[in-house]
Amino acid sequence: MSAGSADVVGNDFQPSHAIHAEDLGVQYNLRFNRKRSMVESLGNVLRRKPPERFWALRHVSIRLVHGESLAIIGPNGAGKSTLLQVLAGIMRPSEGVVDTRGHVSGLLALGAGFDTELSGIDNILLGGAYLGLEDSTTRRLLPSIVEFADLGAFIDAPLKTYSTGMRARLGFAIAASVDPDILLLDEVLSTGDIAFREKSKARVLELARAAKAVVLVTHDMAWVSEFCNRALVLERGQVVFEGKPLEAVEIHQQHTAEAQARKAAEATAAGVDPRIAPPR
Amino acid sequence: MLSTSARPVVREVSGTPPTLELLREAVREVTSRRRLIRYLVQAEMKKRGSDTVLGNLWWILDPLLQMIVYVIFVTIIGRGNIPDYPLFIFAAILPWKWYSSVVADGTQSVVRQSALIRQIAFPKIVLPLATATAGVVGFAWGLIPLAVIMLLNPGRFTLYVLWIPVIAVVQYVFSLASAIFVSAANVFFRDLGNVVGHVLRLWFFLSPGLYALSTLDNVSMFKRYPILHDLVGLNPFSVLFEAYRAVIYGTADGGPPLSPNLLSLFELLLASIVLTALAAIFFKRVEPEFAKVL
């Protein structure tokens, strides 16, 4: 897991940016998301009812040059994970352009593993193939992944015999074995026991140092200010602030407090004690 | 770590690329991810073999038991006047089991991996492809009991069995088209999983599997509407069953094995290639929506 790959590339082209995203928009078509039955869908089509749509992300532009790390913060459902999915190439944007230079890899929550019937070793090989690694590369990385996951004899047992924590460890070890140019992190540091969390944090920092650019989605404000040189506050799919991490955290916390106060005020106006959750 | 590998420049633009580009992309994805497809097929094999007491023996038992059920059924209703009837229907049951399992597994192949699809970017088309390819292995196992039954019936085991792989290639391409199509469609219409089982059952009984194609000449409806014969001729499994039966069993009146109808096989192969291309284009067109819908 050595660094050094950071300065290998750069001769063949002169990339001024690592990530360039312009006017990104992701639209969800709720016709399919609601998992309607065929009869209902057919009925809607016949009645020429326009499908319900909503923008999970709109008018988002990001530009990251080499060496930068960007934090994305915001309330739940703001579109943070959607943005990462677009950057990772998992989702194609409904509008706008994404241009990422180099190998993109996401440490998204791989806690589930790849195939519960297969052994740990087989999962590593399968996982490498899913991530697009050459088989020789995966086999070369195999010992270090096994060592990092630290599962003992369980590495040869089917994944279905693993505990949740063990699965998370294996998932992280596989995902973190890739040394990407652009690293995408989505709340990955909340898995495993304390010892493993420390270890994975160290590995993430190592990867981040080697990577050319890092995008991090987190609710942990300490990470934002400690680790990122820029931050972006996302609310309802739109960028409400972009700039210094400390300012972003401040704005985010202020907005969160306002939202909570608003909710409490509404509840009080409705005659409900805000400390009591309304019945569902 | 990846310093030796190529560094792709990814450029995602909104909107759908032109149709031919989609097809080219699909071919590129499949050829570059052969290893992943192989692992997925192997995983499928391991699962099938390890979950049950009898393990891989089920590949052999499944078609055999199904054949026995039909033989009993047909004997009871008194229609068993075809010589060597067990072999006659086994020649159809075996390829049908292959096809129906590929289609049934195919509907689940993408949906089953919803967690992965939302977490990593990989070409999803490898999933139905792996399902279709794993089906071949089940068929290959089934050739063992087929050989046994053929040897038990004197005069059936001839060099014409060498045609089986050729016919199987045609069926593979057709099953590939079906798997790619249903795997993508089921993401948007989950009812498909329920529908498919019934469609498959009806399809089997409408295909000349338990009866010879010539039996239809005596059906009154076929006498009244000759167009039905043309429709039956369009059924890929009319062509496939007749071809398998020709090389495994022989003529419907009990004659020895002979060459299959090569022209109709060739036509079906061409049609299947076109269908696979169309299915791949459809798959690639809706693929970007998978992560949103799943």
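(A) View of the overall build of chain B. Helix and strand counts for chain B stand at 12 helices and 1 strand. Going residue by residue from the N terminus, the α and β elements of chain B occur as β-α-α-α-α-α-α-α-α-α-α-α-α. Relative to the globule expectation of 19 Å for 294 residues, the C-alpha radius of gyration of chain B, 21 Å, shows essentially globular dimensions. Dimensions along the principal axes, computed over C-alpha positions, put chain B at roughly 65 × 50 × 35 Å. In chain B, which comprises 294 residues, the proportion classed as buried is 49%. Taking the contacts inside chain B whose residues are at least 6 apart along the sequence as the reference set, 79% of them involve residues at least 24 apart. When the accessible surface of chain B is summed, it comes to about 14000 Å², and 68% of that surface belongs to carbon and sulfur atoms. In chain B, the 25 positive side-chain charges and the 17 negative ones have mean positions that sit 7 Å from each other.

(B) Quick look at the overall build of chain A. Along the backbone of chain A there are 9 helices and 9 strands. Buried residues in chain A amount to 51% of all 280 residues. Nonlocal contacts in chain A, meaning residues at least 24 apart in sequence, comprise 74% of its contacts between residues at least 6 apart.

(C) Geometry of the confidence of the model for chain B. Mean pLDDT for chain B: 89, with 94% of residues reaching 70 or above. With pTM at 0.86, the complex prediction returns an ipTM value of 0.82.

(D) Highlighting the pairing of strand E4 (residues 95–101) of chain A. Residue and element names in this part refer to chain A. Along E4, 5 of the 7 residues are buried, which leaves the element largely enclosed by surrounding structure. Where strand E1 (residues 19–29) lies against E4, 5 bridges are found, and the strand directions are antiparallel. Residue Gly25 lies in a different strand from E4, and its bridge partner there is Glu95.

(E) A look at the pattern of salt bridges. A complete count under the given rule lists 18 salt bridges over all chains for this structure. Across the pair Arg101 of chain A and Asp99 of chain A runs a salt bridge, and its minimum N-O distance is 3.5 Å. Among the residues examined, Asp99 of chain A registers a relative accessible area of 5% and is labelled buried. Note that Lys284 of chain B is salt-bridged to Glu25 of chain B, the shortest N-O span being 3.0 Å. Linking Lys284 of chain B in helix H12 (residues 262–293) with Glu25 of chain B in helix H1 (residues 19–32), this pair joins segments that are 259 residues apart in sequence. Across the pair, exposure class does not vary: Lys284 of chain B and Glu25 of chain B are buried alike. Among the charged side chains, a network of salt bridges with common partners joins Glu25, Glu29, Lys284 and Glu287 of chain B.

(F) A look at the layout of surface pockets. Residue and element names in this part refer to chain B. Looking at the second largest pocket, its volume works out to about 590 Å³. Along the wall of the second largest pocket there are 31 residues; nearest its centre are Arg48, Asp62, Lys97, Ser100 and Ser101. The set of elements that each furnish at least two residues to the lining of the second largest pocket consists of helix H2 (34–50), helix H3 (57–76), helix H4 (85–109), helix H6 (126–152) and helix H8 (192–206). The class makeup of the residues in the lining of the second largest pocket is 13 nonpolar, 10 polar and 8 charged.

(G) The arrangement of the packing of aromatic side chains in detail. Counted according to the given criterion, the structure contains 29 aromatic pairs over all chains. A cation over an aromatic ring shows up here: Lys124 of chain B above the ring of Phe122 of chain B, its NZ or CZ 5.5 Å from the ring centre.

(H) Summary view of unusual backbone geometry. Residue and element names in this part refer to chain A. At Asp23, a position not held by glycine, the phi torsion is positive, near 50°. Within the secondary structure layout, Asp23 lies in strand E1. Phi is positive for His59, close to 55°, though the residue is something other than glycine. If you trace the backbone, His59 turns up in strand E2 (residues 53–64).

(I) Structural view of the side chain of Asp115 of chain A. When you line up the elements, Asp115 of chain A lands in the loop between strand E5 (104–107) and helix H4 (120–130). For Asp115 of chain A, a relative accessible area of 10% corresponds to the buried category. Those residues in contact with Asp115 of chain A, other than ones at most four positions away along the chain, are Asn123, Leu126 and Leu159 of chain A together with Ala43 and Lys47 of chain B.

(J) Local environment of the side chain of Glu68 of chain A. Residue and element names in this part refer to chain A. Within the fold, Glu68 resides in strand E3 (residues 68–73). Residue class for Glu68 comes out buried when judged on its relative accessible area of 14%. Within the structure, the side chain of Glu68 is placed 2.9 Å from the backbone nitrogen of Val65, a separation counted as a polar contact. The residues touching Glu68, leaving out its near neighbours within four places in the chain, are Arg63, Lys212, Ala213, Val214, Asn229 and Arg230.

(K) Main features of the pairing of strand E7 (residues 213–217) of chain A. Residue and element names in this part refer to chain A. With respect to burial, E7 is a largely interior element, 5 of its 5 residues being buried. Residues of E7 alternate between two faces, with Ala213, Val215 and Val217 on one and Val214 and Leu216 on the opposite face, all of them buried. Here 5 bridges tie E3 to E7, and the two strands are oriented parallel to one another. Considered in E7, the bridge of Leu70 is made with Val215. Pairing of strand E6 (residues 182–186) with E7, which is carried by 5 bridges, proceeds in the parallel orientation. Bridge pairing links Leu183 to Val214 in E7.

(L) Spatial organisation of the environment of Ser264 of chain B. All names here are of chain B. By the element assignment, Ser264 lies in helix H12. By relative accessible area, Ser264 is classed as buried at 17%. Separated by 25 residues in the primary sequence, Ser264 and Val239 place their C-alpha atoms 6.6 Å from one another.

(M) Looking closely at a nonpolar patch on the surface. All names here are of chain B. Nonpolar side chains collect at one region of the surface, where Val53, Leu54, Leu57, Trp58, Leu65, Ile68, Ile72, Phe73, Ile76 and Ile77 lie side by side and expose about 1000 Å² of accessible area between them. Among the structural elements, Leu65 can be located in helix H3. Since its relative accessible area comes to 43%, Leu65 is described here as partly exposed.

Cut-offs used in this document
- Residues numbered from 1 in each chain as written.
- Chains lettered and ligands numbered in written order.
- Predicted model: local features only at pLDDT ≥ 70, side-chain atom pairs only at ≥ 80, totals over all residues.
- Heavy atoms only, no water.
- Helix = DSSP H or I, 4+ residues; strand = E, 2+ residues; numbered from the N terminus.
- Rg over C-alpha atoms; globule rule 2.2 N^0.38 Å.
- Buried < 20%, exposed > 50% of the residue type's maximum accessible area, 1.4 Å probe, protein only.
- Contact = heavy atoms within 4.5 Å.
- Areas by Shrake-Rupley, 256 points an atom, 1.4 Å probe, with all protein chains shown as cover.
- Lys, Arg positive; Asp, Glu negative; His and termini not counted.
- Charge placed at Lys NZ, Arg CZ, Asp CG, Glu CD.
- pLDDT = per-residue confidence, 0-100.
- Pairing = 2+ DSSP bridges.
- Salt bridge = Lys/Arg side-chain N within 4 Å of Asp/Glu carboxyl O.
- 1 Å grid on protein atoms, 1.4 Å probe; cavity = no way out; pocket = protein on both sides within 12 Å on 5 of 7 lines; lining within 4 Å.
- Points joined across faces, edges and corners; volume = space filled by probe spheres on them.
- Nonpolar A, V, L, I, M, F, W, Y, C, P; charged D, E, K, R; others polar.
- Phe/Tyr/Trp six-rings, centres within 6.5 Å; stacked < 30°, edge-to-face > 60°.
- Lys NZ or Arg CZ within 6 Å of the ring centre and 35° of its normal.
- Polar contact = N/O pair within 3.5 Å; in protein donor to acceptor, adjacent residues only side chain to side chain.
- Patch = residues over 30% accessible without salt bridge, like charges linked within 9 Å, V, L, I, M, F, W, Y side chains within 5 Å.

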